[in-house]
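Summary of structural features
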Amino acid sequence: MSTVRARVAGVTSHRLFWPLVVLVLLLVANAVYRPSFLSIELKNGHLYGSLVDIVRLSAPLILVALGMSLVIATGGIDLSVGAVAAVAGAVACLYISEQPDQNSLGVVLTAVALGFGVALVLGAWNGILVAGIGIQPIIATLILMVAGRGLAQLIAEGQIITINSGPYKVIGVGHLLTLPFAIVIALAVTVLVAVLTRRTALGMIIESVGGNAEASRLAGIRSRRITFLVYVVSAACAAIAGFMMTANVSSADGNAVGLWVELDAILAVVIGGTALAGGRFYLGGTVVGALLIQTLTTSVYAMNIDPQTSLLFKAVVVIVVCLIQAPAFRARFRRRRSAPVTPLEPVGTEKEQVPA
Amino acid sequence: MTTTPLAARPGRAWWRVPPRHVPVLATAALLLVMYAIGVSQYRAFSNIQVVFNVFIDNGFLLVVAVGMTFVILTGGIDLSVGSVVAMTAMVSASLLGDGLHPALVLVIALLLGPALGFAMGCVIHFFDIQPFIVTLAGMFFARGVCTWISTTSIPITDGFWTSAAQHRIHLGENFVSVGALIAVAVVAVAAAVLAYTRLGRNVYAIGGNQQSALLMGLPVGRTKIAVYTISGLCSAIGGILLSFYTLSGAPLIAVGMELDVIAAVVIGGTLLTGGSGYVFGTLLGVLVLSIIQTLITFDGTLNSWWTKIVIGGLLFVFILLQRLVGIRTK
Amino acid sequence: MSDRHPVLTMTAISKIFPGVRALDGVDLRLFPGEVHALMGENGAGKSTLIKVLTGVYGTDSGTITLDGDEVSFSGPMQATAAGVSTVYQEVNLLPNLSVAENIYIGREPRRLGAVNWREMRRRAQELLARIDLHIDVTELLGNYSLAVQQMVAIARAVDIRARVLILDEPTSSLDADEVAQLMRIMRQLRDDGIAIIFVTHFLDQVYAIADRITVLRNGRLVGEYLTSELPQIALVEKMIGKELDALERLDEATSGDDRAAIESGTPLVAADGLGRSGSVAPFSLTIHQGEVVGLAGLLGSGRTEVARLFFGADRADAGRLAVDGSPVTIRNPVAAIDRDIAFCSENRRTEGLVGELSVRENIILAMQAARGWLRPVPRRRQDELVQHWIKALSIRPADPEMPVRNLSGGNQQKVLLARWLITEPRLLILDEPTRGIDIGAKTEIQRLVAQLSDGGMAVLFISAELEEVLRLSHKVAVMRDRQLVTELTNDDTLDAARVMQVIASGSSQEGSVPA
Amino acid sequence: GGLAGCGNSDTGGDGDSGSSGGGNSKLVIGFSQVGAESGWRTANTNSIKESAAEAGYELKFDDAQGKQENQIKAIRNFIQQKVDVIAFSPVVESGWDTVLKEAKDAKIPVILTDRAVDSADKSLYKTFIGSDFVKEGKLAGEWLVKEKSAATGPVNIVELQGTTGSAPANDRKKGFAEAIAANPNLKVVASQSGDFTRAGGKQVMEQFLKANPKIDVLFAHNDDMGLGALEAITAAGKTPGKDITIITIDAVKDGMQALADGKFNFIAECSPLLGPQLMDLAKKVKAGEEVPARVETEETTFTQEQAKTALPNRKY
Ligand SMILES: Nc1ncnc2c1ncn2[C@@H]1O[C@H](COP(=O)(O)OP(=O)(O)OP(=O)(O)O)[C@@H](O)[C@H]1O
Ligand SMILES: Nc1ncnc2c1ncn2[C@@H]1O[C@H](COP(=O)(O)OP(=O)(O)OP(=O)(O)O)[C@@H](O)[C@H]1O
Ligand SMILES: [Mg+2]
Ligand SMILES: [Mg+2]
């Protein structure tokens, strides 16, 4: 009996419990509005359904948010991810659009490599500004957020580059073993980042730098190098997201690709339980946060909420998520339960009373 | 032996600038350099009116940035400002359209922002939720109210508003607007509050180390709620100024303004982690952003994307120099 | 005496943190005009008791009365208002504000409702002058050393003129002079009828000033005693709960090695004219394998700076450094660690630990950093090492996954020490390693240092306690005004008085001290 | 002015007649653009720049990055620089009176392009040149009414709106709704904002398709959203242009291509090529000639057949 209760307490006190509850509630609300919302069919060998859409559409956000998690863990922030995604997408699409055979795999691979390379350079730029010169991250990345958009538009000369490339399109809308390819990529990158941070010491070192940079330096960690690295990783993630977003619609719009994705990404990270001040980060939480945000967007469309009021709807859900997630909030609505306590080793019972 | 001074420091000459003022002074100096470049490059840049226009055109930005300075000084952040500005303008416009008395409209509009700020502050403090997420929800909410009121812009024809908007206060050959004066007044009041009141000093204390501030017996909760309320108030004033400025309320106005505001505050030398910075620095930050914009307009040859790249570039050069000057003098 | 009423009572106080019962039915009485020492090992619950009193933590049970009225403070603000003024264990001030403000914030002198800065500065200057602290009160507090900050914190608490003054390990970062100053002030306040709770791990200080002692062990009350009726040995026994034979012969610690043997051969580390402008004047110092070099000096004399130069925490701008006889440049801690140099910094909170990370992670941090992130220390090995050092240094609670910020101050210090010991350095720089550590653990650490040096490790040992320095070192380097004035060989003739003379006069010539 | 004297040799006399006194006889136009948020907008900017260069006028171009404040600032700066004519595409309709009064006081004529302002005082600007968004929506609706006149059962329409609160979105929605009111069988069953982008159009359409078993018509407020929706429709196993009738607005090149390919069914044009007309008006205004209060761009509508013939000469 008590073990059951303890187990329940263990589950409900898990960081991800409440965001997941809200996520499920949103899905249930959708299902009530339209029962077929939850159904998943197999069409032409592809999984098809709103749930699949949600996961597929959240793939780019998951990617960006993963990189953002690492940046935030070091106590920084990266506002330039949207612009970097736009630049990477624009570079790739521009290259493809200039080739005679857009459907050749080689062309697409070269394009992706080019876009990726440019993104890495941009990430390194951010890293140098923050880690090398010591500019506050929000300003350092704001520079690229503004200029990067201009760069993306410069590449496309303000036009939308439309391409017609089968292999490139796969990145956004292709399928692998019935699963949308975007989901596969997001999953792969998530696993990669998780392995890279949690199976090596990188994660702990990042958390250490974010928790106390000076102490980390004195412990022999090359704090600056780590800080530099996370901005590069963030840009790399943003680049992949950029490919996905442009491949999704087979066109690169320097202005629209990844617009405001930085805010969504930060929100996802924060919902996932990572503090903006840096320190501990939770990749699983980030993924749940991203899914939650996309579900929210999709719900607006699926439940046909009037666009005029959709923002109010979003505000309410975000508030609910953060309130319900806050231990301080729940504590007010729960009676005190005695926490399990490991008794300390007993002290000799001698109690001398001394006259005052 | 007991007279050995503990960690005695070499005497400091009176003319030496305290190190913590260096960033602000560096910013001011760089600003002057930029202005000089503008004057030497562009015709009509040297008109004093150009300077006044900076204040006329950025009055609301300045006021909002002042509010943001309070928040950032405590180590928090307020993403809702742009939306609150829009909401205030929208509510004013629609109430005026309904024929309400302007004084009443003014009161309602000026209460709305602080009320939202107060609510956000309470959530942040009592439930210990990160400001980013709370104010982001506030941002959605206020913007939602805007589109909920109307999806089209609402013109203001009220007499009081139009006269406030179009009244010019002449200073010699040049003029400033009522809004600009209000903005400057807000800056002065805010600077005084930060420097000379307990509230102001507590703001710095919380930014320095919230835990310590708590242990030192300072009213941490009250102060935190206060700064978000102040930011809400400043946004509301900013919204009123904007409605003077444009004589309308539009649901999509001031989108993304929070970033400009945060940028201005940080460029002005305030640390995003809190505890260090000045309202005067924020003023400089707003001026920097504005002068970059002015330089580009005066140039008038950049196309759209080069505009963005040049803004980013100028920002970079400025921040870099600011940083280098700061280091050298340290 | 029995007709007096306690100004403060705490009855049956219990406090539970998730998984830890920090306090269990603790009582405390405090009378006006007394100094009441609160004693106990690291993690016994002293700081927690104080924080419960001032409302930083809520209680799980128990009552508190102040002047006979039951109170329950919602936070330090209320406690201060009710006349309870506290200096918490870690210096809890605001590094971003000036010294003057740190003293007066929350109760600034005002004129016409506005903060009167000039008056505030004047008063701060006066106040600090009374405790012989002559510093620029307009300077940011963060620019001063921990010791100065500690003095400022004390000044602030004292100036509040409360009925109850609580000092949680105020002396841990002070040197003898400052401690004397503090004692003087405490006596004065006591004579004015103020009740003082005093926490320290220095038994001498307890016996010098305390009227009564309350002893805690493992979160429980052991008892309340009159100082005059409780011999030192008995006190220690009550604190650690067992008969003591390990403690008595601390002096044994110094190894009786042959100095000649140590000093033959090339020094492990040799500084030649090493210095950094604005920080410490060029100095020369050699450290041999197996040698313990003590650094003595007053607060702010530059000991920490010397240590930081050896470790590359600051970059030297003059002089040379040689390791094993070959010149090296040490630009950053990484380079120092590569040369097997370790540095246990004095301010554990800002320069030592990463509060959010667990005990385990903090302990392996330096080792992991040296291996690079690609080669994580295998979990099994981590657990072994951590378990070993948790036991060896008796870190409590012995839960390696507990976030280190939840540990008591003394236990945090041990974690920091463990971090460097597992890297098995050849030169270990210890800056105030025994700060805030209880007497049992302190002995343990001193023994450890002696052992390590016997095993060939070189140690640079910095401590505010001159006795400790003398007990452990083979050689004492004396710092004064950011200069290394002289080196003294620690033979039988050297004693604390002699070192003090040198510190005071700035020269090793005997008799040059003006009486 | 550092960049003022481009040293262009005189390009014919037509620019000189009305220019202000002083040595410089070249007409100076200050133009404040909304931004570069779409391909349409870029084409609009290019058209104006090219025409100015052709006419030999000096163009001071400013990009307001979608912010009204920036546009007002730019206009103030144009006044400071004493340009001959100010032209701008207002970000929003209201809120221009103050700055336009300043322009008027400085005796600088103002021309509105692309979007109108709602000032009560019509003397604040000389003329307006641009398209009528309401009319575009109406044209789209009218075509649909005609197309579905034979329909007996209900016709389900889904609408992809532009950015919520933007003038084209408001007006096109309004015009369309007015036109389809003529036939009660035509019903908008779902209407969401796709933010004028392809990605937005696609994402919204995906949910429309899942939520509404029977969609007969898609009305998108611009080509881009329509193009995005195409992909969603194809992915859902339907044939665009056949299973679902698609109507859009703008007629950019990609959209025209889709129309010619039979994927779209109808496009109401919204031409960005205002440049030549603007230059002409600027010259007249400066010379003090009378100009009509409202000049509408020459615009048309395209069916699939018309698209095939028009496509080869599409510039943007
Ligand atoms: N915030 C917290 N969360 C969890 N446990 C805590 C917390 N604060 C203190 N503890 C635990 O409570 C116990 C008592 O700690 P406390 O700080 O009171 O010890 P102390 O007697 O002051 O020791 P020291 O002499 O080392 O300062 C320790 O086991 C500590 O780990
Ligand atoms: N003139 C000064 N300018 C700036 N800071 C000073 C000055 N004098 C002292 N300090 C501060 O006081 C500190 C004292 O120096 P240091 O820590 O090296 O002395 P120490 O002998 O190790 O003393 P402690 O016992 O306090 O550690 C310095 O770290 C510095 O921050
Ligand atoms: Mg303690
Ligand atoms: Mg020191």
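Computed from a prediction, not measured in an experiment: that's the story for all the values here. (Residues numbered from 1 in each chain as written. Chains lettered and ligands numbered in written order. Predicted model: local features only at pLDDT ≥ 70, side-chain atom pairs only at ≥ 80, totals over all residues. Heavy atoms only, no water.)

This next bit is on the interface of chain D and chain A. Taken together, the 29 residues of chain D in the interface contact 35 residues of chain A. In this assembly, chain D packs against chain A so that about 2500 Å² is buried in total across both faces, 47% of it on carbon and sulfur atoms. Contact with chain A buries area across many residues of chain D, yet Gln192(D), Gln207(D) and Lys210(D) alone supply 26% of it, more than any other trio. Where chain D packs against chain A, one counts three salt bridges. On the surface where chain D and chain A come into contact, there are 14 residue pairs in polar contact (both at pLDDT 80 or more). Within the residue set of the side of chain D that touches chain A, elements represented by two or more residues are α1 (39–55), β7 (186–193), α6 (198–211) and α7 (223–235) of chain D. When the residues that make up the side of chain D that touches chain A are grouped by side-chain class, the tally is nine nonpolar, twelve polar and eight charged. (Contact = heavy atoms within 4.5 Å. Buried area = accessible area lost by both parts, 1.4 Å probe. Salt bridge = Lys/Arg side-chain N within 4 Å of Asp/Glu carboxyl O. Polar contact = N/O pair within 3.5 Å; in protein donor to acceptor, adjacent residues only side chain to side chain. Helix = DSSP H or I, 4+ residues; strand = E, 2+ residues; numbered from the N terminus. Nonpolar A, V, L, I, M, F, W, Y, C, P; charged D, E, K, R; others polar.)

Before going further, it helps to examine the nonpolar core. Ranked by internal contacts, the top residues of the largest apolar core, which has 392 residues, are Tyr168(A), Phe283(C), Phe310(C) and Phe311(C). The element that contributes the greatest number of residues to this core is helix α2 (residues 48–73) of chain B, accounting for 16 residues. Taken domain by domain, this core gets at least three of its residues from each of domain 1 (8–246) and domain 2 (348–424) of chain C. Residues contacting Phe310(C), with those up to four places away along its chain left out, are Val269(C), Ala271(C), Phe283(C), Leu285(C), Ile287(C), Leu321(C), Ile330(C), Ala336(C), Ile341(C), Ile429(C) and Leu460(C). (Core = buried A, V, L, I, M, F, W, Y, C linked by side-chain atoms within 4.5 Å. Buried < 20%, exposed > 50% of the residue type's maximum accessible area, 1.4 Å probe, protein only. Domains from an automatic or database assignment.)

All names here are of chain D. Strand order in the open sheet formed by six strands is β7-β6-β8-β9-β10-β12, and the pairing between neighbours is mixed. Only two strands of the sheet have a single partner each, and these edge strands are β7 and β12 (301–303). Taking each pair of neighbouring strands and ignoring which way they run, the sheet shows an average axis angle of 15 degrees. In this structure, strand β8 (residues 217–220) lies alongside strand β9 (residues 245–250), joined through three bridges in parallel fashion. What sits directly across from Phe219, in β9, is Ile247. Its contacts with the sheet put helix α8 (residues 253–260) on β10 (266–269) and β12, and the angle it makes with β10 is roughly 150 degrees. (Pairing = 2+ DSSP bridges. Axes fitted to C-alpha atoms, helices over the stretch in contact; angles between N-to-C directions.)

The partner chain A presents 37 residues to the 48 residues of chain C that form the contact. Interface area for chain C against chain A, summed over the two sides, is near 3700 Å², with a carbon-plus-sulfur share of 59%. Scanning the region where chain C abuts chain A turns up two salt bridges. Note that Glu214(A) is salt-bridged to Arg308(C), the shortest N-O span being 3.9 Å. Counting the contacts that link chain C with chain A gives seven residue pairs in polar contact (both at pLDDT 80 or more). Counting residues per element, the ones that place at least two in the side of chain C that touches chain A are β2 (19–30), β11 (212–217), β12 (220–226), α10 (303–311), α11 (333–338), α12 (348–352), α13 (359–371) and α15 (409–421) of chain C. For the side of chain C that touches chain A, the element with the most residues is β12(C), which contributes seven residues.

Throughout the structure, instances matching the rule amount to 18 aromatic pairs over all chains. With centroids separated by 4.8 Å and ring planes inclined at 85 degrees, the aromatic side chains of Phe17(A) and Trp18(A) adopt a geometry described as edge-to-face. A cation over a ring is seen here: Arg198(A) above Phe281(A), with NZ or CZ 4.2 Å from the ring centre. One residue, Arg201(B), lies across the ring of Tyr204(B), its end atom 4.6 Å from the ring centre. (Phe/Tyr/Trp six-rings, centres within 6.5 Å; stacked < 30°, edge-to-face > 60°. Lys NZ or Arg CZ within 6 Å of the ring centre and 35° of its normal.)

Everything listed here is a matter of geometry and, on its own, says nothing about what the molecule does.
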